[in-house]
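Read off the chains here:
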Amino acid sequence: MDDPNADVNPLEQALHAARALVLADLAAGDVARAEVVSLVEESVSHRRWWVEQWPQGAAYVAGLVAQDVQDALLERYGRWPLCPVCAEGGPDEPGGPHALEVEPELGPDPHWVCGKAGVVVAAVGSLGSGGAGTTP
């Protein structure tokens, strides 16, 4: 039997995978509302041009889309995803709640990391419902 995905462009596969990973993280934090999903679509559209210009960067698209959505959410709603590691410290935590960071900034296999504690929390697309994603 023929593979139905055999004719799918690898760049489109990378974009679809990035979309799915970021949507999974948004859903885990219960923030995958229509206006937020639109931010994902905007990022994927923008990154489509980027990856067409640099096909070798396809492995980096998931991290870039995650960062794009994180930046767009910060501008419109607030920090996302909030760090579950430091959130356990309570509201008296110096500096207040902070967002996780995507590492590497430009590389394959992106992860959500607490920059303060230096802890890897989850791979992009694998945030659990343990409080990391809070409603912006």
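Data block above holds the structure.
Here's a quick rundown of the structure. Source: prediction; values computed, not measured.

Thresholds, definitions, all that
- Residues numbered from 1 in each chain as written.
- Predicted model: local features only at pLDDT ≥ 70, side-chain atom pairs only at ≥ 80, totals over all residues.
- Heavy atoms only, no water.
- Helix = DSSP H or I, 4+ residues; strand = E, 2+ residues; numbered from the N terminus.
- Expected span 1.5 Å × (residues − 1).
- Contact = heavy atoms within 4.5 Å.
- Buried < 20%, exposed > 50% of the residue type's maximum accessible area, 1.4 Å probe, protein only.
- Salt bridge = Lys/Arg side-chain N within 4 Å of Asp/Glu carboxyl O.
- Core = buried A, V, L, I, M, F, W, Y, C linked by side-chain atoms within 4.5 Å.
- Phe/Tyr/Trp six-rings, centres within 6.5 Å; stacked < 30°, edge-to-face > 60°.
- Lys NZ or Arg CZ within 6 Å of the ring centre and 35° of its normal.
- Pairing = 2+ DSSP bridges.
- Axes fitted to C-alpha atoms, helices over the stretch in contact; angles between N-to-C directions.

Turning to helix H1 (residues 10-28), a few remarks are in order. Helix length check: H1, at 19 residues, gives a terminal C-alpha distance of 27 Å against a target of 27 Å (1.5 Å per residue), a fit within 8%. Along its buried surface, H1 packs onto helix H2 (34-53), helix H3 (61-76), strand E2 (111-114) and strand E3 (119-123).

Looking at the element boundaries, Arg47 is found in helix H2. Taking relative accessible area as the criterion, Arg47 reaches 11% and is therefore assigned buried. Look past the residues within four positions of Arg47 in its chain and what remains in contact with it is Leu15, Val61, Leu64, Val65 and Asp68.

Evaluation of the coordinates by the stated rule reveals four salt bridges. One salt bridge connects Arg48 with Glu12, and the closest N-O pair in it is separated by 2.8 Å. Linking Arg48 in helix H2 with Glu12 in helix H1, this pair joins segments that are 36 residues apart in sequence. Overall, the relative accessible area of 25% leaves Arg48 in the partly exposed class. Take Glu12: its relative accessible area is 23%, and that puts it in the partly exposed class. Among the salt bridges present, the one from Arg19 reaches Glu41, with a minimum N-O distance of 3.0 Å. Placement of the pair is Arg19 in helix H1 and Glu41 in helix H2, with a sequence separation of 22 residues. According to the relative accessible area criterion, Arg19 is buried, its value standing at 16%.

Membership of the largest hydrophobic core comes to 32 residues, with the highest contact counts inside it found for Val22, Leu26, Val69, Trp80 and Trp112. Counting residues per element, the ones that place at least two in this core are H1, H2, H3 and E2. For this core, the element with the highest residue contribution is H3, accounting for eight residues. Discounting chain neighbours no more than four positions away, the residues touching Val22 are Val40, Ala62, Val65, Ala66, Val69 and Val124.

Another point: the packing of aromatic side chains. Counted under the stated rule, the structure contains three aromatic pairs. With 5.3 Å between their ring centres and 85° between their planes, Trp50 and Trp54 make a pair best called edge-to-face. Judged by centre distance (5.4 Å) and plane angle (50°), the ring pair of Trp54 and Tyr60 falls under tilted. On the basis of relative accessibility, which here comes to 34%, the residue Trp54 falls in the partly exposed class. Across from the ring centre of Trp50, 5.7 Å away, lies the NZ or CZ of Arg47, which sits over that ring.

Read from one edge of the open sheet, three strands run E1-E2-E3, paired in antiparallel fashion. Across the chains shown, the open sheet's two edge strands, defined by having one partner strand only, are strand E1 (101-103) and E3. For this sheet, the mean inter-axis angle between neighbouring strands, taken without regard to orientation, is 40°. Looking at chain direction, E1 and E2 are connected through three bridges and run antiparallel. Across the sheet, residue Val102 finds its bridge partner in E2, namely Trp112.

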